[in-house]
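One-letter residues, chain by chain:
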Amino acid sequence: MTAALRHIVTSFKVIFLVLIAAAILFPVVLTASNSFMSEDEISRHYDALNSGGSASAREHTAIRLIPESVTLSQFGEVLLARPKFLLHFWNSVKLTLPIILGQAVVGTLAGFAFAKLAFPGRDKLFFVYLLAMLMPFQVTLVPNYLIADKLGLLNSYGAIVFPGIFASFGVFLLRQFMMGIPDAYMEAVKIDGAGYFRAFLHIALPLAKPGIAALILLSFVDNWNMVEQPILFLTEQIRQPLSVYLANIAEGARGVAFAASVLYMTPMVLIFLYGEEHLVEGIQMSGIKG
Amino acid sequence: MQRRKKTLRWMIGLFFTLLLALTFLSNTIQGMSLPKVSVEKPETGGLDLDVSGEGFLQSAHTAQLFPEGDWKVEKIHISKNDRVSQGDPLITFDTSSTKRTLEDEKTRYEQERIQLEKMADQLKMLLRSDDTTGVDNLKRDIEMQQLDMQMQQRKIGDLQKQITEGGMLTSPVYGVITSLNAAEGAAAGRGQPVIEIADDASGYQFSITANSDDAAMLRIGDKAKVHLDEEPRRSVEGIISEIEDEPEGGSKKITFDLKDANLQPGLKAAVSITSQSKSFGMQIPKSVLEEDNNGYYIYTVSEKDGPLGAAYYVSKTYITIKDENGDTVVTDGLMPNEQYVKESSEPISDGDRVRY
Amino acid sequence: MKGGNYLKRLGQQYRRDAPFVLLFLAPSLAGFLLFFIIPFGAVAYYSLIDNPVNGNLVGLENYGALWASGSFRKAFINSLMFAGVSVPVVFAASLGLAMLLNGKLPFRQSFRSMFLLPLVVPVASVILVWQLLLQWNGAVNGLLQQWGIDPVDWMNTRWAFAVMLTAFVWKNAGYNLIIFLAGLSNIPAEQYESASIDGAGAIRQFLHITWPGLAPTSFFVIVMSIVSSFKVFRETYLVAGAYPHDSIYTLQHFMNNMFQSLDYPKLTAAAVLLSIVIGATVYVLFWAERQSRRALEQ
């Protein structure tokens, strides 16, 4: 293959990838740009058939990425006039944060046990963990509900947070990470007479830091989006997280809903950009069969 | 790369700080734009039905005095609101015109008497002439003349009586002059009463107007204390004698009878009767009531724990009206310590957050 | 001899590790037992009794009733259909993207970030765009009309399936892409070099080097995709609510609705069936993977 040909192939590749990237980014960009559009402008651009499907209304249909006039009123409305948005935002934080932190602690400990300690039935138990991870939430819905009821957690965040903390994904991911720590490191510490705690604190933990970061990111992604658990376990509208609340405000005030959506995805996107390499590393680790 | 991370760290921090700040400020921001309401707890119990009012005493009966003739008023002996006894002189009329008529009538009588004499003489003459037809005719004429003279005599008598009795108008009853339609020197019209006198003997009464709902518990024959606007103040007992609907509807005219000496017409009388309705419930002012298809409702305030501290929300509470008076209703459907919205700075609707 | 020695050493290590195993594993194991294992046992038990109050064993009666229910069969078939279609599609899409992104390329890192972005974008925040574009009087129908094509009721016809599929691929391709890229980078570059020298074309290279090299990764991608396909409920629910069009009424909808209507026997029976299906699939795939690895090693 000549250099010129390779150049042309590469150019085509890039053009193709740009098109795909554009398609993938389209909904996100549209959400962002629409959040700066007035309600009126949104209706004008998108509502094709509402005014009785008249021809004049149809002519206006156009998907616009750049607002005719940028307005911040939507954001003002969401942040200042609707305390509900902030309330639900913090609901989401209250649900997500304990799960992430708890999962990191529990996962690191158990991941260490599965990766670096020997005990009978270890791999079988791990397989059970793996299976549990793959089960949809609905499978254990009824007993989880009954257990939450027994523990007095019903209609409280505990009913969602505790199962979240003990979800096997954290254990799985950190076990994968710690499998990558050479046994020789551990042996060295043990020969020195240091116990498992030292091995854990001084070797496993520092080396697993990227794994913990990856877990935090992946768990954040998963739990920030949580829908099933709150709609089934929380009866009060006011306690629902943002994910559920947003789906409900979409009716009617779409301009406001777009602004709320942008605010909703902002922390996700910022943290993604911040910890992207950890996220990638975490995904790669999840794909390594060990 | 390191710079990018630093920027992102800043942005994440800024984002959460901003939202946190807005959350903490949101109550304040909200507070400024929320409608302000004032609330009150309803009082429990039956409805106080207050009937009060003032009226001016009127006698039950008024004597109307008319002049006897078309005379000029010569002298008025009393003035309005004077208390008079039976027989007291009230007005002296100038009866000279009637006197003159009397003289004229007397003169005419004299003339007729002379005529009669003349006719008697003629008869004497005719009897002698043996004219029977002429005699009969003359006799009839003489009879007519005599009848005319009797009439004239009665007329004179009437006029004399008119002058002696009517020249001086006196009070037929004990009472108070309530109206005086005469001025000295001016003629008093015959058709209208020159003087009206409230008759003490018939008693006094006054009326007030009250809301029908408030008056619902009042009955004819009920006794009430009536305060009179006199120096020194005193109160007498009044009895409800009449309750009738006012033509406009929604209100009633209540008449009280007073039996007491020394009353005067026009005296201001005030009465205040408080009775309790039979129904029992929450008392709510009518002004806060609203109505929609489902009936009457009021807004009540409830407290909910918001993200930061308590927040207050109004909600529609439907009530059933058991009883009402002019400005208050007695209702069911409200908790005793529930607070209702009395006033709000802006129109509110169900579920609104408010401050107070 | 050697084996016996090894076992002896292993036994020693077990004894030495035991207290630490307990310490490290205890928190996780306790929670795992309480929130997953016991519930799962309970689900299995509930699926065999008439209702939680009476607790009479009824054998497989609940399963019979479940299978007799039209909405369950519909949901079950839809879920299988969706898995059957969406897994190959997302597999092909992410593998294709990975092949494109593999090797030297300008903006490679940025492309990867962009393809991964949908993973972190909350579903709830893009469903608005979805509704805006695809509802009956939405923009897509507007454009179709401008071009003289009859509008389509996207979410209330069989098109809903395609819409869900697109959303699924959009959301999950990035995750698989990362795994494939890792798999591709593990294939030694020398293999390609020697193949080129031997004169093998791109297709041969793919069939003989790339495909076998990716095999272990592929199995994992398939497992994860199947699991994700069973979890597409979240998106569907947010867009179409608890009762979407028939073609996207999945097992999760069925189970959620059974939960809401307190029909525990059906729900637990469906849960057991679903977990058996998932468990069997995972087991078969892992078994197949082991076979293929053994074949590769020989």
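Residues numbered from 1 in each chain as written. Chains lettered and ligands numbered in written order. Predicted model: local features only at pLDDT ≥ 70, side-chain atom pairs only at ≥ 80, totals over all residues.

(A) Representation of the overall build of chain C within the structure. Of the regular secondary structure elements, chain C holds 12 helices and zero strands. N-terminal to C-terminal, the α/β element order of chain C is α-α-α-α-α-α-α-α-α-α-α-α. Across the 298 residues in chain C, those meeting the buried criterion constitute 41%. Contacts in chain C between residues far apart in sequence, at least 24 positions, make up 71% of those at least 6 positions apart. (Helix = DSSP H or I, 4+ residues; strand = E, 2+ residues; numbered from the N terminus. Buried ≥ 20, exposed ≤ 12 C-beta atoms within 10 Å, placed from the backbone. Contact = placed C-beta atoms within 7 Å.)

(B) Just the nonpolar core, in detail. Judged by nonpolar contacts, the single largest core of 171 residues is most densely connected at A:Ala113, A:Leu173, A:Leu246, A:Ala260, C:Ile127 and C:Ala270. B:Tyr204, B:Val271, B:Val314 and B:Val330 belong to the second-largest nonpolar core, a separate cluster that totals 29 residues. (Core = buried A, V, L, I, M, F, W, Y, C linked by C-beta atoms within 7 Å.)

(C) Main features of the interface of chain A and chain B. On the chain B side, the residues contacting the 13 residues of chain A number 14 residues. Looking at the side of chain A that touches chain B, the elements with two or more residues in it are helix H4 (73-81), helix H5 (83-116) and helix H14 (254-274) of chain A. For the side of chain A that touches chain B, the per-class residue count stands at 12 nonpolar, one polar and no charged. (Nonpolar A, V, L, I, M, F, W, Y, C, P; charged D, E, K, R; others polar.)

(D) Fine view of the sheet that holds strand E3 (residues 48-56) of chain B. All names here are of chain B. Here we have seven strands laid out as an open sheet, ordered E3-E16-E13-E14-E15-E12-E4, and antiparallel in their pairing. Each having just a single partner strand, E3 and strand E4 (58-59) make up the two edges of the open sheet. Two elements, strand E12 (residues 204-211) and strand E15 (residues 251-258), share eight bridges in a ladder whose sense is antiparallel. Looking across to E15, one finds that asparagine 211 is bridged to serine 251. (Pairing = 2+ DSSP bridges.)

(E) Local environment of unusual backbone geometry. Phi at B:Asn81 takes a positive value of approximately 70°, unusual for a residue other than glycine. Note on placement: B:Asn81 falls in the loop between strand E6 (72-76) and strand E7 (83-84). One non-glycine residue, C:Phe107, lies in positive phi territory at about 60°.

(F) Up close: the confidence of the model for chain C. Residue and element names in this part refer to chain C. Chain-level statistics for chain C give a pLDDT mean of 82 and a share of 92% at 70 or above. Confidence, expressed as mean pLDDT per element, reaches its minimum in chain C at helix H6 (residues 139-146) with 75 and its maximum at helix H3 (residues 70-101) with 90. Scoring the predicted complex yields pTM 0.64 and, for the interface, ipTM 0.82. (pLDDT = per-residue confidence, 0-100.)

(G) Here's a closer look at the sheet that holds E6(B). All names here are of chain B. Judged by pairing direction, the sheet is antiparallel, and its three strands sit side by side in the order E6-E8-E9 without closing on themselves. Each edge of the open sheet carries a strand with a single partner, namely E6 and strand E9 (168-170). Adjacent strand axes in the sheet meet at a mean angle of 30° when their direction is disregarded. Bridge count for E6 against strand E8 (residues 89-94) is four bridges, and the pairing is antiparallel. Paired with lysine 75 across the two strands is threonine 92, which belongs to E8. (Axes fitted to C-alpha atoms, helices over the stretch in contact; angles between N-to-C directions.)

(H) Looking closely at helix H5 (residues 123-134) of chain C. All names here are of chain C. Taking 1.5 Å of rise per residue, the 12 residues of H5 would be expected to cover 16 Å, and the 16 Å separating its terminal C-alpha atoms lies within 8% of that figure. In terms of burial, H5 is a largely internal element, 11 of the 12 residues being buried. Restricting attention to buried positions, one finds in H5 the residues Val123, Ala124, Ser125, Val126, Ile127, Leu128, Val129, Trp130, Gln131, Leu132 and Leu133. (Expected span 1.5 Å × (residues − 1).)

(I) Inspection of the interface of chain C and chain A at higher detail. In this assembly, 82 residues from chain C lie in contact with 75 residues from chain A. Top contributing element to the side of chain C that touches chain A by residue count: helix H1 (residues 2-46) of chain C, with 22 residues. In the side of chain C that touches chain A, the residues fall into 61 nonpolar, 18 polar and three charged.

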